[in-house]
Amino acid sequence: SLRSMEADGIITRTVYPEVPPRVEYALTELGESMRPIIKSMETWGLAYKAQKYRIRRFPMPDIQNTKKLPACPVETTLTLISDKWKVLILRDLLTGTKRFGELKKSIGQVSQKVLTAQLRQMEESGLVNRKVYAEVPPKVEYSLTDLGHSLKPIMDAMWTWGEHYQHSQEQN
């Protein structure tokens, strides 16, 4: 929300004593530092939408073609990765293939049910591959598809911004 972004120092709010009152919001220096993340999301969202309409850059499952994507490329990207757990799954799979237990241990607080649901959604969106081995006990491995790997610039930008934000908070 705007209030939490203001409290976090990302935006400033100016209230003008007029009738009716007028309120303006502006990005702070910290907020401006988020522009690379937004630009990366916009670029990725455009590429994702282009492939939906078969302007191929990454292979994509047909299931996604039945869903209407938002007009804004940033919103398209957020539609696919906006959940907290999905971003952490991406972070962990960027380093390579992982088994379910490894992901659960690395992510921490997520329940098995939620992690399973998130992985299935990411598989349906074409971000994650799921490989099941016919052995006892069952062995399942997860890895990123080419489309999933294409999110690396966004994850890198988020990492850089997060470090900057942490540093700015330590200064205060």
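Remember, predicted model here, so these are calculated numbers, not experimental data. (Residues numbered from 1 in each chain as written. Predicted model: local features only at pLDDT ≥ 70, side-chain atom pairs only at ≥ 80, totals over all residues. Heavy atoms only, no water.)

**Student:** Can you help me understand the overall build of the chain in this one?
**Tutor:** When helices and strands are counted, the chain shows nine helices and five strands. Starting at the N terminus, the α and β elements of the chain follow one another as α-β-β-α-α-α-α-β-α-α-β-β-α-α. Here the analysis covers contacts within the chain between residues at least 6 apart in sequence; of these, 49% occur between residues at least 24 apart. On the chain, roughly 10,800 Å² of surface is accessible, and the fraction owed to carbon and sulfur atoms is 56%. (Helix = DSSP H or I, 4+ residues; strand = E, 2+ residues; numbered from the N terminus. Contact = heavy atoms within 4.5 Å. Areas by Shrake-Rupley, 256 points an atom, 1.4 Å probe, with all protein chains shown as cover.)

**Student:** Help me understand the pattern of salt bridges in this model?
**Tutor:** As a working rule, side chains carrying opposite charge can pair if their charged atoms are close by. Evaluation of the coordinates by the stated rule reveals eight salt bridges. A salt bridge links Glu6 to Arg13, with the shortest nitrogen-to-oxygen separation between them at 3.1 Å. For Glu6, a relative accessible area of 26% gives the class partly exposed. The salt bridge partner of Lys152 is Asp156, with a shortest N-O separation of 2.9 Å. Taken together, the positions of Lys152 and Asp156, both in helix H9 (residues 152-171) and four residues apart, correspond to about one turn of that helix. (Salt bridge = Lys/Arg side-chain N within 4 Å of Asp/Glu carboxyl O. Buried < 20%, exposed > 50% of the residue type's maximum accessible area, 1.4 Å probe, protein only.)

**Student:** What's the story with the packing of aromatic side chains in this structure? I'm lost.
**Tutor:** The geometry of two aromatic rings is summed up by the distance between their centres and the angle between their planes. Applying the stated criterion across every chain, the model contains one aromatic pair. Ring geometry for Trp161 against Tyr165: centres 5.2 Å apart, planes inclined by 10°, an arrangement best described as stacked. Placement of the pair is Trp161 and Tyr165 together in helix H9, with a separation of four residues, close to one helical turn. Taken individually, Trp161 and Tyr165 each receive the classification buried, so the pair is uniform in this respect. Across from the ring centre of Tyr16, 4.0 Å away, lies the NZ or CZ of Arg22, which sits over that ring. (Phe/Tyr/Trp six-rings, centres within 6.5 Å; stacked < 30°, edge-to-face > 60°. Lys NZ or Arg CZ within 6 Å of the ring centre and 35° of its normal.)

**Student:** What should I look at first to understand the confidence of the model for the chain in this one?
**Tutor:** Reading predicted coordinates in detail is not appropriate for stretches of low pLDDT. Residues of the chain with pLDDT of at least 70 account for 90%, and the chain-wide mean is 85. For the stretch residues 54-58, pLDDT sits under 50, and the model shows ten contacts to residues farther than four places along the chain or on other chains. Confidence drops under a pLDDT of 50 for residues 60-66, and excluding neighbours within four residues, the segment shows 19 contacts in the predicted structure. (pLDDT = per-residue confidence, 0-100.)

**Student:** Just to check I follow, could you spell out the sheet that holds strand E5 (residues 139-144) for this structure?
**Tutor:** Across a sheet, strands are paired by hydrogen bonds formed along the backbone, either parallel or antiparallel in direction. Spatial ordering of the open sheet is given by E3-E5-E4, a layout of three strands whose pairing is antiparallel. A strand with exactly one partner marks an edge of an open sheet, and here the two such strands are strand E3 (98-99) and strand E4 (128-133). (Pairing = 2+ DSSP bridges.)

**Student:** Help me out: how do you make sense of the packing of helix H5 (residues 84-93) against helix H6 (residues 100-107) in this one?
**Tutor:** To characterise two packed helices, one gives the angle between the axes of the helices and the distance between these axes. At a minimum axis distance of 10 Å, the contact between H5 and H6 shows a crossing angle of 115°. Crossing geometry of H5 relative to H6 is assigned as right-handed. Residues Trp85, Leu88, Ile89, Arg91, Asp92 and Leu93 of H5 form the contact with H6, whose own contacting residues are Leu103, Ser106 and Ile107. In terms of residue class, the contact of H5 with H6 is built from six nonpolar, one polar and two charged. (Axes fitted to C-alpha atoms, helices over the stretch in contact; angles between N-to-C directions. Left-handed = near helix turned anticlockwise from the far one by under 90°. Nonpolar A, V, L, I, M, F, W, Y, C, P; charged D, E, K, R; others polar.)

**Student:** How should I be thinking about the packing of H5 against helix H7 (residues 112-124) in this particular structure?
**Tutor:** Between H5 and H7, the shortest axis-to-axis distance is 10 Å and the interhelical angle comes to 70°. It follows that H5 is roughly perpendicular to H7 by the angle criterion. Contacts from Trp85, Lys86, Ile89 and Leu90 in H5 reach Val114, Leu115, Gln118, Leu119, Gln121 and Met122 in H7. A per-class count over the contact of H5 with H7 returns seven nonpolar, two polar and one charged. (Parallel < 35°, antiparallel > 145°, perpendicular 65-115°, else oblique.)

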